[in-house]
Amino acid sequence: MKSTIERLSPTRVRINVEVPFDELKPDFDRAYKKIAQQVSVPGFRKGKVPARIIEARLGRGVVLDEVVNAAVPNKYTEAVSAADEVNPIGRPDIEVTEIADGERLAFTAEVDVRPDLTLPDLSTLAVTVDDVEVTDADVDEQLESLRARFGTLTGVERAAGTDDFVLVDLSATVGGEPVEEATTSGFSYQVGQGGLIDGLDEAVQGMSADEEKTFTTKLVAGEHADSDAEVTVKVTAVKERQLPDADDEFAQLASEFDTLDELTADLRERLARVKRMEQVTQARDRILEAIVDGTEVPLPESIVAAEVESVTHDAVHGFDHDEERFAQALASDGRTREEFDTETREEAEKSVRTRLVLDALADAEQVSVNDQELTERIVYQAQQYRMPPEEFVRRIQEAGQLGAIYADVRRTKALITAVRAATVTDASGAEVDLSDLLGDEGDGIEVTEVPGEVVESEDAAAAEEAAAVEATDDEAADESGDAPAAEATEGKAADGS
């Protein structure tokens, strides 16, 4: 087989392949065997029809078509493997240019390839991150959140105000017809939290137990999404949250410490760790930005177009591919379809550009991925999707995405290499050593499936640190005993509002 490469652009090549018929003998043998299994010829058992009979009955063209269809993909793969300078990143456009029976098969394949990139010297990269500064106000805020976590809700005989909790019954109608999925009772809601039904906060402000009010709002989900609805809210109880005193007794209740001073010292230490992880995040993002900005990256048009199409498909799919409804949703956000298309194109270009740079960096640094690293990433992503690892592996194999996960791990390690090589200083001018947070061989930074966007798994650890010292209002409701009712009804109400 002979093959030559023509570079059509920095991101596209044409591969010219010529295969002598002698090399196609195995393909002919397989073709005859396959066709023999499919035809019935009197006097011959199925699968035992001789080649000359097959050609006499069906014609030489049928055999040649079978041979070409099977041989071309294999020979294309061989040609790519033999060309060290070609790294395809898309599907080839193949055209058979000649079938000289008994002599040769010739075809061309045009395909997008990774361009050759000149990366900046990593040792010259320098970025600045925020100082690690934990103030008394930061500690006080976390202490207040922790107190809220252990707070209790007590019923009061007065009108509801901001931050109070109210038990409400909700119902809605559209055009006079009840909306079942927007109906719930005994729902616990914190006044001022927002995010449930537009207009609900304004309605319940100032309401007392057993009072009822009706207001108009636009539903955002369910069968009546984007429809104006009449929502009736009845307050059945008003409660205020009472916080425990911040003293040694509280420290013993809320932690493993005996004194409030020990607890606040631990909060300060945890906050410092969170802020150090924020430094890693800033350094990572800014170093990646510096590398991408410092690299001229020609973009393969077909890859960008495919990404635009995928994002657009997913966006419109949420509206059952109803373009008019999608346009209305954009308009409600103050955007036009043209603006959406422009933003999507820009994000796709940024995403592809980032992937190409990270791949080039991985090549330059000779980054490899071992089985343990790949397994750890698969287990991590399975946890994100709340799936057993075995089921997750089966699905990604069926979808042909195992290679994409491998590439993500490789990009992860390449980015870690850049972070290690760069100079990082804080806002005060002191050099920042992040080596203890980066782990070994790329452990700790996670590249998501979202192309071009990089996040670190250590962010999850930082979030856990924050969660240990940060309370939520839901947790406060938990302590009061009202949370189960809220959890049982919140999804139902939200689906229809």
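Quick notes on the rules
Residues numbered from 1 in each chain as written. Predicted model: local features only at pLDDT ≥ 70, side-chain atom pairs only at ≥ 80, totals over all residues. Heavy atoms only, no water. UniProt positions renumbered as here; feature names shortened; annotations may be inferred. Helix = DSSP H or I, 4+ residues; strand = E, 2+ residues; numbered from the N terminus. Buried < 20%, exposed > 50% of the residue type's maximum accessible area, 1.4 Å probe, protein only. Contact = heavy atoms within 4.5 Å. Areas by Shrake-Rupley, 256 points an atom, 1.4 Å probe, with all protein chains shown as cover. Core = buried A, V, L, I, M, F, W, Y, C linked by side-chain atoms within 4.5 Å. Patch = residues over 30% accessible without salt bridge, like charges linked within 9 Å, V, L, I, M, F, W, Y side chains within 5 Å. Salt bridge = Lys/Arg side-chain N within 4 Å of Asp/Glu carboxyl O. Lys, Arg positive; Asp, Glu negative; His and termini not counted. Charge placed at Lys NZ, Arg CZ, Asp CG, Glu CD. Axes fitted to C-alpha atoms, helices over the stretch in contact; angles between N-to-C directions. Parallel < 35°, antiparallel > 145°, perpendicular 65-115°, else oblique. Left-handed = near helix turned anticlockwise from the far one by under 90°. Nonpolar A, V, L, I, M, F, W, Y, C, P; charged D, E, K, R; others polar. Pairing = 2+ DSSP bridges. Phe/Tyr/Trp six-rings, centres within 6.5 Å; stacked < 30°, edge-to-face > 60°.

In the nomenclature of an unreviewed UniProt entry, the protein is known as Trigger factor of Pseudonocardia oceani. Heading Catalytic activity (unreviewed entry) of the UniProt record for the protein holds this comment: "[protein]-peptidylproline (omega=180) = [protein]-peptidylproline (omega=0)". Of the protein, the UniProt comment under Sequence similarities (unreviewed entry) reads exactly: "Belongs to the FKBP-type PPIase family. Tig subfamily."

A. Structural view of the overall build of the protein. Within the protein, the secondary structure is distributed over 17 helices and 12 strands. For the protein, the residues scored as buried account for 39% of the 497 residues in total. In the protein, of all internal contacts separated by at least 6 residues, the share reaching a separation of at least 24 is 69%. When the accessible area of the protein is evaluated, it comes to approximately 26,700 Å², of which 46% is carbon and sulfur surface.

B. Structural context of the nonpolar core. The biggest cluster of nonpolar side chains holds 36 residues, and the ones touching the most others in it are Ile-287, Ile-291, Val-424 and Leu-434. Put simply, the parts of the chain that give this core at least two residues each are strand E5 (126-129), helix H7 (260-293), helix H8 (301-317), helix H10 (337-364), helix H13 (402-421) and helix H14 (435-438). With 8 residues, the single largest contributor to this core is H10. Filtering out sequence-adjacent residues up to four positions away, Ile-291 remains in contact with Leu-119, Pro-120, Leu-122, Leu-125, Val-357, Leu-361 and Ala-418. Listed in part, the 32 residues of the second largest apolar core include Ile-15, Tyr-32, Ala-79 and Ala-109.

C. Geometry of a negative patch on the surface. Together, Asp-248, Asp-258, Asp-261 and Glu-262 give the surface a local cluster of negative charge. Examined against the element boundaries, Asp-248 turns out to sit in helix H6 (residues 248-254). In this structure Asp-248 comes out as partly exposed when scored by relative accessible area, which is 38%.

D. Focus on the pattern of salt bridges. Taken as a whole and judged by the stated rule, the model has 39 salt bridges. Among the salt bridges present, the one from Lys-34 reaches Glu-66, with a minimum N-O distance of 3.0 Å. Of this pair, Lys-34 sits in helix H1 (residues 25-38) while Glu-66 is found in helix H3 (residues 60-82), placing the two residues 32 residues apart along the sequence. Lys-34 sits in the partly exposed class, given a relative accessible area of 41%. Because the salt bridges share partners, they merge into one network encompassing Glu-6, Arg-12, Arg-14, Asp-93, Glu-110 and Asp-112.

E. Highlighting the packing of H1 against helix H2 (residues 51-58). Taken N-terminus to C-terminus, the directions of H1 and H2 make an angle of 65 degrees; their axes are 10 Å apart at the nearest point. Viewed along their axes, H1 and H2 adopt a mutual orientation that is roughly perpendicular. Judged by the sense of rotation from one axis to the other, the crossing of H1 with H2 is left-handed. From H1, Tyr-32, Ile-35 and Ala-36 reach across to H2, where they touch Ala-51, Ile-54, Glu-55 and Leu-58. Grouping the amino acids of the contact of H1 with H2 by side-chain chemistry returns 6 nonpolar, no polar and 1 charged.

F. Up close: the pairing of E5. Side chains Val-127 and Val-129 project from E5 onto a buried face, and the interleaved Ala-126 and Thr-128 project onto a face without burial. Alignment of E5 against strand E12 (residues 423-426), held across 4 bridges, turns out to be parallel. If you follow Ala-126 over to E12, its bridge partner there is Thr-423.

G. Up close: the packing of aromatic side chains. This structure, assessed with the given rule, holds 6 aromatic pairs. Ring plane angle 50 degrees and centroid distance 5.6 Å describe the contact between Phe-21 and Phe-28, whose orientation is recorded as tilted. Judged by relative accessible area, which is 10%, Phe-21 ranks as buried. The exposure class of Phe-28 is buried, given its relative accessible area of 9%.

H. Summary view of unusual backbone geometry. Even without a glycine there, the phi angle at His-321 is positive, about 60 degrees. Looking at the secondary structure, you find His-321 in the loop between H8 and helix H9 (323-332). The exposure class assigned to His-321 is partly exposed, which follows from its relative accessible area of 42%. Positive phi, close to 55 degrees, is recorded for Arg-386, a residue that is not glycine. Tracing the backbone through its elements, the reader meets Arg-386 in the loop between helix H11 (371-384) and helix H12 (389-398).

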